[in-house]
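Here are the chains, one letter per residue:
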Amino acid sequence: MSRGKSIRVKAALGAVLALVAGLLAQPTGDRLFAQDAKSQGTIEKAFPNSNKCKRCHERVFEEWETSPLSKSIHSPAFRATLDAFLASPAGKDKALCFRCHAPHVREFPDHVQVFIDQAKSGDPQMDGVACAQCHLIKQVDRAKQPPEPKYEAAGSKILYGPYKDFAQNLAHQSMELGLFRKSDLCLNCHQSVPAGVNLGKSNDLLGNWDQSKAVKSGKECQSCHMPEQTGESANGEKKRTVANHTFPGRIGKLRQEAAKLDVETKIEGDKTTVTVKVQSLVPHNLPTTHPAWATVVLDLDIKGKNLKTVFAEKRVYGRVYQDAKGQRTQFDFEAVKVLEDTVLKPEELRIETFTFPTPKDTKTFDVETTLSYAPVTGPAPFLQRIEAESSKGSQDPVFQAIEIVKRTENIPVK
Ligand code: HEC
Ligand code: HEC
Ligand code: HEC
Ligand code: HEC
Ligand code: HEC
């Protein structure tokens, strides 16, 4: 091949490559994979993937992996709600959900589409709320509503944590920061409802938690949701006091400490009255008020002859929101007003009375009271969407109730 020809071929090839590159760079609705991969690389340089920490922090990683936090952009319910949000007028602010569900979006406002694509894929390789997303926070600005985290600049090797006497390691520098033992760290994601407008006092997800007995006695979110234990903080280091990273909440033993039920039954001839005292032991709202369908339900079941239910009634603790058109909505991002609020307030004692005809043809009857987190509710198309998005279909965990406490008493008739 002559030299001239070779140059011409190269030039032609160059033109073709340039054209291909140009096509690849075309901003199409569906971003191209190559571009996503590049953005993801940039993002992971600033916020290293949790896999990188696993190498030395196996215990912490394994605990975190079982926590809801590790699934913050993974659940079918999240995907279905994200879709509904993006299709709504509020959806113009595309980063909204990720500010708490994958908070490093705050540092990459131009890459928000990567976050959306990752969440929509159903199998995101990107972390949501993982190690770096918390341990790179150097400050939380509580003057802002909602409070805002300030992150360590990209490329920094400083990770903040609770220890002053940390062992040195080759992967990162460590720095003690008091914030890690304070509720403030959690508030930037756990304090406000992502509503359509500022709901004023009702924007509060946790309620008057700072006035609770628990908080006044010195408890922080971590005292209950990251309980102390003894173990290795990093592989092979000496055992010390560490913090449980399974973040017990709806899942885990902490649930048994959520509420007490005190039940009293009075038979007056044909009429029976059951009084249930529901004592919340939680220093914040129960349930917390996001997502909008979050409810706790008190079920009363009266079982007569052959344990057949002869009477059943319930009370629902949650919120009902109204949208701009004056209609009830299951989505807080559409909410402009709170129509009803029956959430159990911090450490509240709620008294419920139920009246029904005294069961007949039986010597005794059972009074069964159950307090549980209710399954998801909403318009049929939304529920169908979740079912379609889930590999478990109608068996997806959001469709199951989670029991908090249950009491059964056998009452003699006369
Ligand atoms: C960057 C935002 C963010 C921060 C900071 C944060 N969380 Fe969360 N947290 C979330 C999100 C999002 C979820 C829901 C994950 C899911 O289920 O999809 C969650 C879930 C939880 C749950 C599980 C709730 C349940 O229903 O079982 C607990 C407990 C919890 N967080 C406690 C904490 C504590 C304690 C802190 C502070 C040390 C904290 N979180 C800091 C965003 C955050
Ligand atoms: C201000 C922070 C914040 C914002 C903004 C936010 N969330 Fe959440 N989200 C949370 C927290 C915290 C939880 C866990 C609440 C709990 O368990 O009590 C949660 C839980 C959820 C859940 C239930 C758990 C799950 O993963 O299935 C869904 C669904 C959800 N959020 C969807 C969204 C969507 C969609 C948006 C955007 C419209 C959004 N969130 C915006 C903080 C936030
Ligand atoms: C929601 C925020 C959050 C997430 C996510 C998180 N941490 Fe932590 N981490 C904390 C807080 C807060 C403490 C201090 C708790 C205390 O001392 O009361 C802590 C403590 C630690 C400690 C010292 C104590 C111990 O338990 O060993 C290490 C190491 C650590 N985290 C590493 C990690 C790694 C690795 C991951 C990811 C697998 C991770 N963290 C995820 C908030 C978080
Ligand atoms: C090469 C091993 C190694 C890797 C990789 C590593 N760490 Fe560490 N890290 C350590 C050691 C060792 C300590 C000291 C533990 C001690 O003092 O008990 C530590 C301490 C910490 C602390 C506590 C700091 C303090 O002052 O309280 C945090 C938080 C932490 N690491 C987070 C992370 C995160 C997040 C990642 C991933 C981005 C990570 N580490 C990756 C070895 C490592
Ligand atoms: C005195 C202990 C205690 C303290 C302090 C505490 N909680 Fe809780 N929290 C509980 C209990 C008990 C429950 C209810 C049972 C459960 O779901 O595990 C709960 C439930 C939760 C849930 C899940 C409830 C739901 O409705 O989805 C979240 C999220 C949560 N707490 C966040 C926080 C945050 C953020 C703080 C700090 C501002 C905090 N908690 C402080 C005890 C505590």
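Residue numbers restart at each chain and count upward from 1, following the sequence in its written direction. Labels follow written order: the first chain is A, the first ligand is 1, and so on. Two thresholds apply to this predicted model, a pLDDT of at least 70 for residue-level local features and 80 or more for giving and counting side-chain atom pairs, whereas whole-chain, interface and lining totals are computed over all residues. As a convention, hydrogens and water are excluded, and side-chain values are obtained from all of the structure's heavy atoms.

S.K.: Which residues make up the packing of helix α5 (residues 76-86) against helix α12 (residues 380-389), and what are the values?
M.R.: Any two packed helices are characterised by how steeply their axes cross, that is the angle between the axes, and by the distance between the axes. What counts as an axis is a line fitted to C-alpha atoms, over the stretch in contact for a helix, and the angles between N-to-C directions run from 0 to 180 degrees. In this text, helices come from DSSP runs of H or I with a minimum length of four residues, and strands from runs of E with a minimum of two, each type numbered from the N-terminal end. Packing of α5 against α12 brings their axes to within 8 Å, and their N-to-C directions diverge by 130°. Comparing the axis directions of α5 and α12 gives the class oblique. With respect to the hand of their crossing, α5 and α12 are arranged in right-handed fashion. Contacts between α5 and α12 involve P76, A77, R79, A80, T81 and D83 from the former and F382, R385, I386 and E389 from the latter. For the contact of α5 with α12, the residue count by class is 5 nonpolar, 1 polar and 4 charged. By definition in this entry, angles of less than 35 degrees are roughly parallel, angles greater than 145 are roughly antiparallel, angles of 65 to 115 are roughly perpendicular, and the rest are oblique. Here is the rule for handedness: rotate from the far helix to the near one, and if that takes an anticlockwise turn smaller than a right angle the crossing is left-handed, while a clockwise turn gives right-handed. Should any heavy atoms of two residues lie within 4.5 Å, those residues are counted as being in contact. Three categories are distinguished: nonpolar for Ala, Val, Leu, Ile, Met, Phe, Trp, Tyr, Cys and Pro, charged for Asp, Glu, Lys and Arg, and polar for the others, with Gly belonging to the last.

S.K.: Could you give an account of the confidence of the model for the protein chain, with specific residues and numbers?
M.R.: The score called pLDDT rates the predictor's confidence residue by residue, from a low of 0 to a high of 100. For the protein chain, the average pLDDT comes to 90, and 92% of its residues sit at 70 or higher. Predicted confidence is poor over residues 1-33, with pLDDT under 50, and the contacts of this stretch with residues over four places away or in other chains come to 6 contacts.

S.K.: Account for the domain arrangement of the protein chain, naming residues and giving values.
M.R.: Residue ranges for the domains trace back to a domain assignment, done automatically or taken from a database. According to the domain assignment, the protein chain consists of domain 1 (33-182 + 220-243) and domain 2 (253-412). Between the C-alpha centres of domain 1 and domain 2 there is a distance of 33 Å. In this complex, domain 1 contributes 13 residues to the contact, which on the side of domain 2 involves 14 residues. Take a side-chain nitrogen of Lys or Arg and a carboxyl oxygen of Asp or Glu: if they are within 4 Å of each other, that pair is a salt bridge. Put simply, domain 1 and domain 2 have 2 salt bridges between them. Polar contact criterion, stated in full: a pair of N or O atoms within 3.5 Å, where within protein one must be able to donate a hydrogen and the other to accept it, and residues adjacent in sequence count only if both atoms are side-chain atoms. At the boundary of domain 1 and domain 2, one finds 2 residue pairs in polar contact (both at pLDDT 80 or more).

S.K.: An account of the site of ligand 5 is needed here, citing residue identities and associated values.
M.R.: Residues in contact with ligand 5 amount to 21 residues; listed here are only the nearest, C221, C224, H225, H284 and Y373. Take R250: an N or O atom from its side chain is 3.0 Å from an oxygen atom of ligand 5. Within the contact set of ligand 5, an oxygen atom lies 2.5 Å away from a side-chain nitrogen or oxygen of Y373. When residues in the shell around ligand 5 are grouped by element, the largest group, 3 residues, is from helix α11 (residues 221-225). Split into classes, the residues belonging to the shell around ligand 5 amount to 11 nonpolar, 5 polar and 5 charged. When residues of the shell around ligand 5 are sorted by domain, at least three fall in each of domain 1 (33-182 + 220-243) and domain 2 (253-412). Only a single heavy atom is needed: when it lies within 4 Å of a molecule or strand, its residue is near that molecule or strand.

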